[in-house]
Each structure stands twice: as C-alpha cells, then as structure tokens.
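Breakdown of the fold
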Amino acid sequence: MMTPRQKDLLDFIKQYQSENGVTPTYDEMKEGIDLHSKSGIHRLVSGLEERGYITRLADRARAITVHDKPILSERRAADLLADICSLQGVWRMIPQAKRKAIETELGGLL
C-alpha cells in the first residue's frame, strides 16, 4: 500500500521516464509533484523502494527502475518471516480450547 503522495511521485516518475527515456532528478521530482524540499522527495522515494514499487542503484544518478508490480526485497521478506514466526509463538500461547473456538469461528482459515 502506498500513500497518495507516493502514488503521485510514482506516476510522475513513470510519465517522465516514458517521455524522456531517463529517470527525473530529485529537483525535477520536487517540481513535478509540487513538493518544497528534496528531503521530502528522498523520503517518498525511500518509501516506494521499501514497498517494492521501485529499485534504486546506489550512488548512481537517475538510476531508478519502476516495477509493474511491487517486488518483495530480501529485507522485507525477512521482516515478514520474522513477523510470522512471532505470531506463531503467540498463537501457541493461547489455550487449546480458545484456539479451537477461534478456528471454528474463522471457518478453518487457519
């Protein structure tokens, strides 16, 4: 899920790349979505990268790849796996009778 500002930026990057063949600079992004600071652009770009909508090449200008669908980075996959393992531990701490009631209520989705 992305914020409305992240969507605005992603749409701008896609359009700019389509029209110019390169990724816009942070200054061009700032002007393109009417943001006042480069740090705001950096925050939005980082958020898009964390969510898998783009990939940046480190230490390279205009080096953003936009993905058709969000991709799951190794770091994000590791975070999700840790969350799942943590939830499994919590699930095991719930008394058996209560787990059965929850499973029944959810119709076997667990």
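Read on for a plain summary of the structure. The model shown is predicted, which means the values in this text are computed figures rather than measured ones. (Residues numbered from 1 in each chain as written. Predicted model: local features only at pLDDT ≥ 70, side-chain atom pairs only at ≥ 80, totals over all residues. Heavy atoms only, no water.)

**Comments concerning the overall build of the protein**
We count it as follows: A run of DSSP states H or I qualifies as a helix once it reaches four residues; a run of E qualifies as a strand once it reaches two. Both are numbered from the N-terminal end. When we talk radius of gyration, it's over C-alpha atoms, and the globule rule is simply 2.2 Å times the number of residues to the 0.38. Relative accessibility decides the category of a residue: with a 1.4 Å probe and only protein chains considered, values under 20% of the type maximum give buried, values over 50% give exposed, and everything between is partly exposed. Two residues form a contact once any of their heavy atoms are found within 4.5 Å. In this description, accessible areas are obtained by the Shrake-Rupley approach with a 1.4 Å probe, and a residue is regarded as covered only by the protein chains that are shown.
When helices and strands are tallied, the protein shows five helices and two strands. When the helices and strands of the protein are read in sequence order from the N terminus, they spell out α-α-α-β-β-α-α. What you see for the protein is a C-alpha radius of gyration of 20 Å, clearly larger than the 13 Å of a compact globule of 110 residues, by over 25%. By principal-axis analysis of the C-alpha atoms, the protein measures approximately 60 × 25 × 25 Å. Within the protein, buried positions represent 22% of all 110 residues. Put simply, 36% of the contacts in the protein that link residues at least 6 apart link residues at least 24 apart. Split by element, the accessible area of the protein, about 8000 Å² in all, is 55% carbon and sulfur.

**What to know about the packing of helix H1 (residues 4-20) against helix H3 (residues 38-50)**
Operational definition: What counts as an axis is a line fitted to C-alpha atoms, over the stretch in contact for a helix, and the angles between N-to-C directions run from 0 to 180 degrees. Should an angle fall under 35 degrees it is called roughly parallel, over 145 degrees roughly antiparallel, and 65 to 115 degrees roughly perpendicular, with every other angle called oblique. Gly counts as polar in this scheme, as do all residues outside two lists: the nonpolar Ala, Val, Leu, Ile, Met, Phe, Trp, Tyr, Cys and Pro, and the charged Asp, Glu, Lys and Arg.
Relative orientation of the contacting elements H1 and H3 amounts to 90°, with a least axis distance of 10 Å. Here H3 runs roughly perpendicular to H1, going by the angle between their axes. Contact residues: Arg5, Gln6, Leu9 and Leu10 in H1; Ile41, Leu44, Val45, Gly47 and Leu48 in H3. For the contact of H1 with H3, the per-class residue count stands at six nonpolar, two polar and one charged.

**Considerations on the nonpolar core**
Using the following cut-off: In these notes, a set of buried Ala, Val, Leu, Ile, Met, Phe, Trp, Tyr and Cys residues joined through side-chain atoms within 4.5 Å is what counts as a nonpolar core.
Within the largest apolar cluster, 14 residues are counted, with the highest numbers of intra-cluster contacts made by Leu9, Met29, Ile33, Ile41, Val45, Leu48 and Ile54. Listed by contribution, the elements that provide at least two residues to this core are H1 and H3. The dominant element in this core, judged by the number of residues it contributes, is H1, at five residues. Once residues lying within four places of it in the same chain are set aside, the contact partners of leucine 48 are Met2, Gln6, Leu9, Leu10, Tyr53 and Ile54.

**Here's the deal with the pattern of salt bridges**
Spelled out, the test is: Any Lys or Arg side-chain nitrogen found within 4 Å of a carboxyl oxygen on Asp or Glu counts as a salt bridge.
By the definition in use, this model includes five salt bridges. As a salt-bridge pair, aspartate 27 and lysine 38 come within 3.7 Å of each other at their nearest N and O atoms. Remark: lysine 38 occurs in helix H3 and aspartate 27 occurs in helix H2 (residues 26-32); sequence separation between them is 11 residues. Residue aspartate 27 is classed as partly exposed on the basis of its relative accessible area, which comes to 32%.

**What to know about the environment of lysine 7**
The residue lysine 7 is located in helix H1 in this model. With 46 residues separating them in the primary sequence, lysine 7 and tyrosine 53 have C-alpha atoms 9.8 Å apart.

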